[in-house]
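Below are the chains, spelled out letter by letter.
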Amino acid sequence: MENPKEIINLLPFSSKKDVKLITRAFYFAKNAHEEQKRFSGEPYFTHPFHTAKILAELKMSPTTICAGLLHDTIEDANISTEELKENFGEEILFLVEGVTKLGKLKYRGAERHNESLRKLFVAVSQDIRVIIIKLADRLHNIRTLDYVPEHKRERIAKETLEIYVPIAYRLGIRMLSRQLEDASFPFVYPKEYEKTKNLLRQKKNEDAQKLEKFQKSIKKGLAKNGITKFSLEYRVKTLYSLYHKLIRKDWNIEKIYDISALRIILSDINDCYKVLGIIHGIWRPLPGRIKDYIAFPKPNGYRALHTTIFTGYGNVVEIQIKTKEMHQEAEYGVASHVFYKEGKKKNSGLFWVTRLLPFKAPFKKGKKEKEINYEDIPRWIKELVEYQASQKLESFTNEEMKNDFFQQRIFVFTPKGDVIDLPVGSNPIDFAYAIHTEVGNHTSGAKINGKMVSLDTNLKNGDIVKIITDKKAFPRQKWAEYAKTTYAKKRIRSAIQAKNEKEK
Ligand code: MN
């Protein structure tokens, strides 16, 4: 049975107030979802509970963890926004509403839309905590995908690989992106998954014995030299990233040298260098593979000492030496390889992430905007944003800033949650033609967020637009003036022209 202690125990520190808040949110969510079941037949509450646990593992704040517990109460348990606000305050309500809004976005599988959908995801969420809750929510859903009806599985897994993984990756949360990838992999590429799994299994068996012996020698070697406080980790490349490397290496696993690596984690930087010295004194390193990322961190902030050595058992192995702190950063933030890979493409990178850290909270308290509580944002995200800010100055010219996607585009929704991406200044006419020419040609009215509006009303980011059609309706001349998009203008003119021809 779930217990709030399971979450609280994961927190590095918790005050009485935190414990009380989390416990309260726990029972509130449990009651709210009481009647519901998951596809697996389990009580629905297991889902928000595990979502909150993932957030606690990511070292998120009690506020964010509570929002994780409550994230489906509005959408799935009919809890009103007033009730949430009364019980948990504006900030938690804001986060829950943000997650609810994101849940309405649907992926329709058109490749060219992925990038705008990703950007939209970010734009709509306004606050990085909303995205992280949504990622945790998705991780639990993908872990339990086996229970979801078969026809839905592939879509959800594909959406995860194409939308959620890149977001987690860009945020440098490798711990999430890796798990999301490996859980989606078998549902999207079942054959390739089997092939990769089998190749890795053979290789792993070959490696395992050698590595076990080698680990013992390392421990002995370090102890002999007075190093006893360390932890030794053995990491194997994840299946999905191995799959990608296999594609590049013509499926020849013998050409991949970093399938397994050993990590030595210490408490102090001096010891890192000492350990490197000890290791090189015992085993012969491969020339050209010794990297001091502590003295010269990678541009993304990654720090560690790397070396590859001959083990003496007929193989080579990569050894990574780092402190606990460096290791944390690599798992949860800044140290992904994102800047390397994306930095090469012009005008990409993490520029848009800077928008995620609200210097003012987007929710209002009284008339003044409330300052955000910085404690609530993990340090690595602050660093990521600072890093971005410094990069931005160097690599973005004014012209590029002006051309920034967000300043030119708005994102609006169909009532079903499909995303339509339009230029700023668009109105329901542009929207109608963006959906389909037939819809445009038979538009008789429009609703924005449930209210009837005139057809020349400017649309705003996040509006839900419903077009009312009538078989007898027909485009009017002035629509062509209203329309912002060339596409709509052309369709309107050609419809009018066609009608005039007919009537001649
Ligand atoms: Mn959920």
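Residues numbered from 1 in each chain as written. Predicted model: local features only at pLDDT ≥ 70, side-chain atom pairs only at ≥ 80, totals over all residues. Heavy atoms only, no water.

Engineer: Just checking my understanding: could you explain the overall build of the chain for this structure?
Structural biologist: Along its length, the chain carries 22 helices and 12 strands. Here the chain holds 504 residues, and 50% of them are scored as buried. Residue pairs at least 24 apart in sequence account for 66% of intrachain contacts in the chain once pairs closer than 6 positions are excluded. For the chain, the computed accessible surface area is about 26100 Å², with 50% contributed by carbon and sulfur atoms. (Helix = DSSP H or I, 4+ residues; strand = E, 2+ residues; numbered from the N terminus. Buried < 20%, exposed > 50% of the residue type's maximum accessible area, 1.4 Å probe, protein only. Contact = heavy atoms within 4.5 Å. Areas by Shrake-Rupley, 256 points an atom, 1.4 Å probe, with all protein chains shown as cover.)

Engineer: Got a minute to help me understand the coordination of the manganese ion in this structure?
Structural biologist: Around a metal, the idealised angle for a tetrahedral arrangement of four donor atoms is 109.5 degrees; for an octahedral arrangement of six donor atoms it is 90 or 180 degrees. Taken together, the protein ligands of the manganese ion are H47 (NE2), H71 (NE2), D72 (OD) and D137 (OD), with distances of 2.2 to 2.3 Å. Linear spacing of the donor residues for the manganese ion on their chain is H-x23-H-D-x64-D. Of the two residues examined, H71 and D72, each falls in the buried class. (Donors = N, O, S within 2.8 Å, 3.2 Å for Na, K, Ca; no water.)

Engineer: Explain the sheet that holds strand β5 (residues 316-323) to me, please; I cannot follow it from the model alone.
Structural biologist: By definition, the strands of a sheet pair up through backbone hydrogen bonds, in either a parallel or an antiparallel sense. Overall, mixed pairing links the five strands, which are arranged β1-β2-β5-β4-β3 in an open sheet. Of all the strands in the sheet, just β1 (231-236) and β3 (291-292) have a single pairing partner and so form its edges. Strand direction decides the pairing type here: strand β4 (residues 305-310) and β5, joined by six bridges, are antiparallel. Counted as the bridge partner of H306 is Q320 from β5. (Pairing = 2+ DSSP bridges.)

Engineer: Got a minute to help me understand the nonpolar core in this structure?
Structural biologist: Within soluble globular proteins, side chains that are nonpolar tend to cluster in buried spots. Within the largest apolar cluster, 73 residues are counted, with the highest numbers of intra-cluster contacts made by L58, L70, L84 and L135. Split by domain, this core shows at least three residues from each of two domains, domain 1 (4-173) and domain 2 (190-330). Sequence-distant contacts of L70, that is, excluding residues within four places in its chain, are made with A25, F28, A29, L84, F88, I92 and V96. Core analysis: the next-biggest nonpolar cluster, separate from the first, contains 23 residues, I264, C272, I278 and I321 among them. (Core = buried A, V, L, I, M, F, W, Y, C linked by side-chain atoms within 4.5 Å. Domains from an automatic or database assignment.)

Engineer: Can you walk me through the packing of aromatic side chains in this structure?
Structural biologist: How two aromatic rings sit relative to each other is given by the distance of their centres and the angle of their planes. Scanning the model with the defined rule gives 12 aromatic pairs in all. With 4.8 Å between their ring centres and 75° between their planes, F26 and Y27 make a pair best called edge-to-face. The rings of F185, Y189, Y193, Y240, Y243 and W251 are connected pair by pair, giving a single aromatic cluster. The cationic tip of R38 hangs over the ring face of Y44; the distance from NZ or CZ to the ring centre is 5.8 Å. (Phe/Tyr/Trp six-rings, centres within 6.5 Å; stacked < 30°, edge-to-face > 60°. Lys NZ or Arg CZ within 6 Å of the ring centre and 35° of its normal.)

Engineer: Just to check I follow, could you spell out helix α11 (residues 190-224) for this structure?
Structural biologist: If you check α11, its first and last C-alpha atoms are 48 Å apart, about what 35 residues at 1.5 Å a residue would give, namely 51 Å. Along its length, α11 reaches its greatest deviation from straightness, about 30°, at A208. Taken as a whole, α11 has its buried residues at Y193, T196, L199, L200, K203, D207, L211, F214, Q215, I218, G221 and L222. Backbone geometry just after α11 places G226 at a positive phi near 85°. (Expected span 1.5 Å × (residues − 1). Bend = angle between axes of the 7 residues up to and from the residue.)

Engineer: Sorry, what's going on with the packing of helix α2 (residues 16-32) against helix α6 (residues 81-103) here?
Structural biologist: In a packed pair of helices, the relevant descriptors are the angle between the two axes and the axis-to-axis distance. Viewed as axis vectors pointing N to C, α2 and α6 meet at an angle of 130°, and their least axial separation amounts to 12 Å. Here α2 is positioned oblique relative to α6, judged by the angle of their axes. Pair α2 / α6 crosses with left-handed handedness. Mapping the contact onto sequence places L21, R24, A25 and F28 in α2 and E83, L84, N87, F88 and I92 in α6. Class assignment of the residues belonging to the contact of α2 with α6 gives a composition of six nonpolar, one polar and two charged. (Axes fitted to C-alpha atoms, helices over the stretch in contact; angles between N-to-C directions. Parallel < 35°, antiparallel > 145°, perpendicular 65-115°, else oblique. Left-handed = near helix turned anticlockwise from the far one by under 90°. Nonpolar A, V, L, I, M, F, W, Y, C, P; charged D, E, K, R; others polar.)

Engineer: Got a minute to help me understand the environment of S177 in this structure?
Structural biologist: Residue position: S177 is located in helix α10 (residues 174-188). Accessibility expressed as a relative area gives 0% for S177, which makes it buried. In this structure the C-alpha to C-alpha distance between S177 and P166, which are 11 residues apart in sequence, comes to 7.5 Å.

Engineer: Mind showing me how you'd approach the confidence of the model for the chain here?
Structural biologist: For any part of a model where pLDDT is low, the fine detail of the predicted coordinates should not be relied upon. In the predicted model, the chain carries a mean pLDDT of 79, and 78% of its residues have values of at least 70. The secondary-structure element of the chain with the lowest mean pLDDT is helix α15 (residues 338-343), recorded at 27, while α2 shows the highest, at 96. Contacts for the low-pLDDT stretch residues 334-380, under 50 throughout, to residues beyond four places or in other chains number 108 contacts. Per-residue pLDDT stays below 50 along residues 387-407; that stretch engages in 33 contacts with residues further than four places along the chain or on separate chains. (pLDDT = per-residue confidence, 0-100.)

Engineer: I keep staring at the pattern of salt bridges and nothing clicks. Help me out?
Structural biologist: Between side chains of opposite charge, a pair can form when the charged atoms approach closely. Taken as a whole, this structure holds nine salt bridges when the rule is applied. Ionic pairing is found between D137 and K134, a salt bridge with its closest N-O pair at 3.1 Å. With a gap of three residues between them, D137 and K134 both fall in helix α8 (residues 128-143), about one helical turn apart. Take D137: its relative accessible area is 4%, and that puts it in the buried class. (Salt bridge = Lys/Arg side-chain N within 4 Å of Asp/Glu carboxyl O.)

Engineer: Which parts of the structure should I look at to understand unusual backbone geometry?
Structural biologist: With the exception of glycine, the majority of residues adopt a negative phi angle, and the majority of peptide bonds are in the trans configuration. The backbone of D250 sits at a positive phi, close to 50°, despite the residue not being glycine. Within the chain, N449 stands out as a residue other than glycine whose phi angle is a positive 50°. Along the chain, N449 falls in the loop between β10 (443-448) and β11 (451-453).

Engineer: I would appreciate a short explanation of the packing of helix α4 (residues 62-70) against α6 in the present structure.
Structural biologist: Packing of α4 against α6 leaves a shortest axis separation of 9 Å and a crossing angle of 100°. Regarding the angle of α4 to α6, the classification is roughly perpendicular. For the pair α4 and α6, the contacting residues are T63, T64, C66, A67 and L70 in the first and L84, F88, E91, I92, L95 and V96 in the second.

Engineer: Looking at this structure, I do not really get the environment of V419. What am I missing?
Structural biologist: As for its position among the elements, V419 is in strand β9 (residues 419-423). In this structure the C-alpha to C-alpha distance between V419 and G462, which are 43 residues apart in sequence, comes to 9.2 Å.

Engineer: Whenever I open this one, the pairing of β5 confuses me. Can you help?
Structural biologist: For a regular strand, the rule is simple: side chains alternate between the two faces of the sheet. By the criterion of burial, β5 is predominantly enclosed, with seven of the eight residues buried. Strand direction decides the pairing type here: strand β2 (residues 260-266) and β5, joined by six bridges, are parallel. Its bridge partner being in β5, L262 is matched across the sheet by I319. Linkage of β4 to β5, two consecutive antiparallel strands, is achieved through a turn of five residues, within which G312 is found at a positive phi near 90°.

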